[in-house]
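Here are the chains, one letter per residue:
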Amino acid sequence: MLTRFLDFFFPRTCAICDTRLATSEQFVCPQCLLALPLEDVTTDWELNRHVFQWRSEHPSLYRMGALCIYQRENSAAHLVHSLKFERNRRQGVWMGRLAAKRLVGTGLFDGVDAFVPLPLSRQRQRHRGFNQAEAIAEGLSQQTGIPLRTDLLIRHANRESQTHFRLADRFRNGRDLFALAKGAEATGLHLMLVDDVLTTGATMMSAVGTLEALPEVRLSTFAWAWVNMSSEVWTRAKRESME
Ligand SMILES: [Zn+2]
């Protein structure tokens, strides 16, 4: 009743195509929901190109997965963008639940002990009002029953946003973005790091590198959307970052 009343005076629209939503619809219209560029559910989460690219450096890395394929201007990009810049925390939780519903049967979350959202710096979080990775992780947690851990990682302040950097610079800038929180304890656990988007993977792997200091942890990653970068482009950028 209240939703219907509010819809009449403040119509809600689809976060992707902007058409008006029906009372029963949330955030995205049924057409856009059907057209999401989903990652193939038959993907091997333990051995795909992302894992292959990083496992030699990070032996504790176990699985890497994503719900959608991210491309400039595609609908997944739209949705992530609207989450970041329109301060819509509830949309983030909804996106996490959506991901968990689709992927829970694929083995991606099997044996995971906790979701660890990539933190924002305190400064950035204050500015943005909420952490989009944490909202997504909360949705994953609600749907799967796997707990959330926000007491393990902290993010150093005053690092620039990576979005305008060249690829090679992103690898360079991705080092040492995080630190272990004081008293962080997760011995023997399987932790799944969560972020909204994975592009080069440099930010995610910076967090993996930090958590690797905890004894006997197994680390997996989830991004709501990830880039299908060809391995040539990736390898070239990585090589340049070392020079
Ligand atoms: Zn739509």
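Shown above is the structure to which this text applies.
Residues numbered from 1 in each chain as written. Predicted model: local features only at pLDDT ≥ 70, side-chain atom pairs only at ≥ 80, totals over all residues. Heavy atoms only, no water.

A.B. asks: Teacher, can you tell me more about the pairing of strand 2 (residues 114–117) here?
C.D. replies: For a regular strand, the rule is simple: side chains alternate between the two faces of the sheet. The two faces of strand 2 match: Ala114 and Val116 on one face and Phe115 and Pro117 on the other face are all buried. Where strand 2 meets strand 5 (residues 190–198), four bridges bridge the pair, whose relative direction is parallel. From the neighbouring strand, phenylalanine 115 faces strand 5, where its bridge partner is methionine 192. (Buried < 20%, exposed > 50% of the residue type's maximum accessible area, 1.4 Å probe, protein only. Helix = DSSP H or I, 4+ residues; strand = E, 2+ residues; numbered from the N terminus. Pairing = 2+ DSSP bridges.)

A.B. asks: Looking at this structure, how should I read the packing of aromatic side chains?
C.D. replies: Between two aromatic rings, the relevant description is the distance of the centres plus the angle of the planes. A full pass over the atoms with the stated rule returns three aromatic pairs. For the ring pair phenylalanine 27 and tryptophan 94, a centre distance of 5.5 Å and an interplane angle of 50 degrees mean the geometry is tilted. One end of the pair, phenylalanine 27, is in the loop between helix 1 (2–9) and helix 2 (30–34); the other, tryptophan 94, is in helix 5 (residues 89–103), with 67 residues separating them in the sequence. As far as burial versus exposure is concerned, phenylalanine 27 and tryptophan 94 are alike and both buried. An angle of 55 degrees between the planes, with centres 6.2 Å apart, marks the rings of phenylalanine 109 and phenylalanine 222 as tilted. Of this pair, phenylalanine 109 sits in the loop between helix 5 and strand 2 while phenylalanine 222 sits in strand 6 (residues 218–226), and the two are 113 residues apart along the sequence. When its relative accessible area of 4% is taken as the criterion, phenylalanine 109 is described as buried. Through successive ring pairs, a cluster of aromatic residues spans Phe109, Phe115 and Phe222. (Phe/Tyr/Trp six-rings, centres within 6.5 Å; stacked < 30°, edge-to-face > 60°.)

A.B. asks: Before we go on, may I ask you to explain the coordination of the zinc ion in this structure?
C.D. replies: Taken together, Cys14 (SG), Cys17 (SG), Cys29 (SG) and Cys32 (SG) make up the protein donors of the zinc ion, found 2.3 Å from the metal. For the zinc ion, the four donor atoms are set out with angles of 102 to 115 degrees between them, so the coordination reads as tetrahedral. Every donor residue of the zinc ion comes from the same chain, spaced as C-x2-C-x11-C-x2-C. Of this pair, cysteine 17 sits in the loop between helix 1 and helix 2 while cysteine 29 sits in the loop between helix 1 and helix 2, and the two are 12 residues apart along the sequence. The exposure class of cysteine 17 is partly exposed, given its relative accessible area of 35%. For cysteine 29, a relative accessible area of 4% gives the class buried. (Donors = N, O, S within 2.8 Å, 3.2 Å for Na, K, Ca; no water. Tetrahedral: all angles 85-135°; square planar, octahedral: opposite > 155°, others 65-115°.)

A.B. asks: So what exactly am I meant to see when it comes to unusual backbone geometry here?
C.D. replies: In most cases, non-glycine residues show a negative phi, while peptide bonds are predominantly trans. Positive phi, close to 75 degrees, is recorded for aspartate 18, a residue that is not glycine. Turning to its location among the elements, aspartate 18 is positioned in the loop between helix 1 and helix 2. The phi dihedral of glutamate 216 falls on the positive side, at around 55 degrees, and the residue is not glycine. Considering the arrangement of structural elements, one finds glutamate 216 in the loop between helix 9 (202–211) and strand 6. For glutamate 216, a relative accessible area of 67% puts it in the exposed group.

A.B. asks: I would appreciate a short explanation of helix 5 in the present structure.
C.D. replies: Since the α-helix turns once every 3.6 residues, residues separated by three or four places project in the same direction. Compared with an ideal rise of 1.5 Å per residue, which puts 15 residues at 21 Å, helix 5 spans 21 Å between its outermost C-alpha atoms and is within 8% of the ideal. What helix 5 keeps buried is the set Gln91, Gly92, Val93, Trp94, Met95, Gly96, Ala99, Ala100 and Leu103. Those residues of helix 5 that are buried lie in contact with helix 2, strand 1 (61–69), helix 4 (75–85), helix 7 (132–144) and strand 6. (Expected span 1.5 Å × (residues − 1). Contact = heavy atoms within 4.5 Å.)

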